[in-house]
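Architecture and fold: a report
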Amino acid sequence: MTSSRNDASSRPYDVTTELVTSGRDTLAQRGFVNPPVVRGSTVLYTTAEDLHQNRGEFHYGRHGTPTTQALQQALMALEGPNCAGVGLAPSGVAAITTALLAVVKTGDHLLVIDSAYRPTRAFCEGMLKRLGVETTYFDPLIGAGIAGLFKPNTRAVLVEAPGSQSFEMPDIPAIAAVAHERGALVLDDNTWATPFYHRSLDQGVDISIQAATKYIGGHSDIMFGTISANAKAWPLVTESIRLLGVCCGPDDVFLALRGLRTLAVRLNHHQQSGLEMARWLASRPEVLRVLHPGLESDPGHAIWKRDFTGASGLFSIVLRPAPAKAVDAFLDSLKLFGMGYSWGGFESLVVPFDCTSYRTATKWIPGGPTLRFHIGLESTEDLKADLDAAFAVMKSAQ
Ligand SMILES: *Cc1c(COP(=O)(O)O)cnc(C)c1O
């Protein structure tokens, strides 16, 4: 499912206005604010001549519908003027794998950030290795030093900012400058900030990927992915989507668009509450460190401030050393923080994590048990009280 740029780049509006207005064709929607959920495979041609000429706006369900087009136009407006097209995928992982298959071929070399989403690494070590593509992982803080890892056959660099468990903040413009000098493409998993807080296509990234399962959907009710590309990379992305047969169910497309309309207000709330909770946690005696690039004390803060216009609600903490059973007692006693994977919905979440087993370019030595929090839209006073009570339980379990 693909769609090319309409006239969004020439529109005079702020991105918050674009989020509300883009992709809305009120006339075609017969007055309704939202597009219909178009279910369809076959698109009928009016005449034999039309069919021979392949005339008409739509040709086949897999290649796009009025519903997918509305979402793609709104996403293009969000990505900004360097976006040449947005592809839709049935999950964030599908978006990553489709984008990687778009850019590499047998015999190529790929550079991947050591803090990448773990299933991204699994794809590189599994299918890409089988197809004869070699992957080297690099230190997230390598910056322009990445030049030393390039080989004559290095075709692409995949970054993620920040890492979604450990929150290292790579210098994307520096990495992109080196990659482009050597003719390689840059892919960015931009799920944490979304293009609303990080316009990666304006910072040297060629392909910007999102697990729209997270903040775009925003309600923990869909699996979805997006692949946005600049003019250089878009032909590769659109070919990969077409050849792989990647397409999405119409209800999910509609829910992604519905989520996108309120992205600005939700993210702003996640940001404010996330920073408030991160600061509160940093002041707790049980907490050794908070990993959140929006905090002034964070090693990635300067880059975050330079390259991002905001932070989302996801961050991690390192607890002072405590027995595993005490940490489990803490987790078990939380009432408002659900324990589970994914994030980006309206609800607060917590998961313990450990990067030790899969890092290869860097060593993960946090200094204590590590927990990742997603701060939802609940009252921060209620969230603090919940954590406060759980810390008391943890203490008595030690
Ligand atoms: C969740 C996530 C993905 C994968 O998205 P799914 O929709 O679960 O396949 C990719 N990257 C990051 C950073 C994620 O958090």
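Residues numbered from 1 in each chain as written. Predicted model: local features only at pLDDT ≥ 70, side-chain atom pairs only at ≥ 80, totals over all residues. Heavy atoms only, no water.

Right, let's talk about the packing of aromatic side chains for a bit. A full pass over the atoms with the stated rule returns 7 aromatic pairs. With centroids separated by 5.4 Å and ring planes inclined at 75°, the aromatic side chains of Phe337 and Phe373 adopt a geometry described as edge-to-face. Taken together, the positions of Phe337 in the loop between α12 (324–333) and β10 (338–339) and Phe373 in strand β12 (residues 370–374) put the pair 36 residues apart, joining distant regions of the chain. Neither Phe337 nor Phe373 differs from the other in exposure class; each is buried. (Phe/Tyr/Trp six-rings, centres within 6.5 Å; stacked < 30°, edge-to-face > 60°. Helix = DSSP H or I, 4+ residues; strand = E, 2+ residues; numbered from the N terminus. Buried < 20%, exposed > 50% of the residue type's maximum accessible area, 1.4 Å probe, protein only.)

The subject of this paragraph is the site of the ligand. Close to the ligand lie 14 residues, the nearest being Gly92, Val93, Asp189, Thr213 and Lys214. Backbone polar atom of Gly92 to an oxygen atom of the ligand: 2.8 Å apart, as the coordinates give it. Expressed as a share of its isolated accessible area of 380 Å², the protein-covered part of the ligand is 93%. The biggest single contributor to the shell around the ligand is helix α4 (residues 92–103), with 3 residues. Its residues placed into classes, the shell around the ligand shows 7 nonpolar, 4 polar and 3 charged. (Near = heavy atom within 4 Å. Polar contact = N/O pair within 3.5 Å; in protein donor to acceptor, adjacent residues only side chain to side chain. Areas by Shrake-Rupley, 256 points an atom, 1.4 Å probe, with all protein chains shown as cover. Nonpolar A, V, L, I, M, F, W, Y, C, P; charged D, E, K, R; others polar.)

Moving on: the sheet that holds strand β2 (residues 109–113). Ordered by their spatial adjacency, 7 strands build an open sheet running β1-β7-β6-β5-β4-β2-β3, and the pairing between neighbours is mixed. Each end of this open sheet is capped by a strand with a single partner; those strands are β1 (85–89) and β3 (134–138). Ignoring strand direction, the axes of neighbouring strands in this sheet form an average angle of 20°. Bridge count between strand β5 (residues 185–189) and strand β6 (residues 207–211): 3 bridges; the pairing is parallel. Considered in β6, the bridge of Leu187 is made with Ile207. (Pairing = 2+ DSSP bridges. Axes fitted to C-alpha atoms, helices over the stretch in contact; angles between N-to-C directions.)

To continue, consider the pairing of strand β4 (residues 154–160). Within β4, 6 of the 7 residues are buried, which leaves the element mostly enclosed by the surrounding structure. The sheet contact formed by β2 and β4 spans 4 bridges and is parallel. Directly across from His109, in β4, lies its bridge partner Thr154. Here β4 runs beside β5; their pairing, made up of 5 bridges, is parallel. For Glu160, the partnering residue across the bridge sits in β5 and is Asp189. Handedness of the β4-helix α6 (residues 172–181)-β5 crossover: right-handed. (Right-handed = clockwise from strand over helix to strand, strands pointing away.)

We now examine the environment of Lys105. With respect to the helices, strands and loops of the structure, Lys105 is situated in the loop between α4 and β2. Spatially, the C-alpha atom of Lys105 lies 8.7 Å from that of Arg155, the residues being 50 residues apart in sequence.

This part is about the side chain of Thr191. Within the secondary structure, Thr191 is located in the loop between β5 and α7 (194–197). A relative accessible area of 6% places Thr191 in the buried class. Looking at Thr191, its side chain comes within polar contact range of the side chain of Asp189, at 2.6 Å. Those residues in contact with Thr191 that lie beyond four places of it in its chain are Ile209, Gln210, Ala211, Lys214, Tyr215 and Trp343. (Contact = heavy atoms within 4.5 Å.)

What follows is about the domain arrangement of the protein chain. Partitioning the protein chain into structural domains gives domain 1 (15–261) and domain 2 (264–397). Each partner contributes to the interface: domain 1 provides 41 residues, whereas domain 2 provides 39 residues. Between domain 1 and domain 2, roughly 3400 Å² of surface is buried when both sides are summed, and carbon and sulfur atoms account for 57% of that area. It is Trp192, Tyr197 and Tyr215 that lose the most area in domain 1 upon contact with domain 2, and together they represent 26% of the buried surface on that side. Going through the elements one at a time, α1 (15–21), α5 (118–130), β3, α6, α7 and α9 (250–261) are the ones with two or more residues in the side of domain 1 that touches domain 2. (Domains from an automatic or database assignment. Buried area = accessible area lost by both parts, 1.4 Å probe.)

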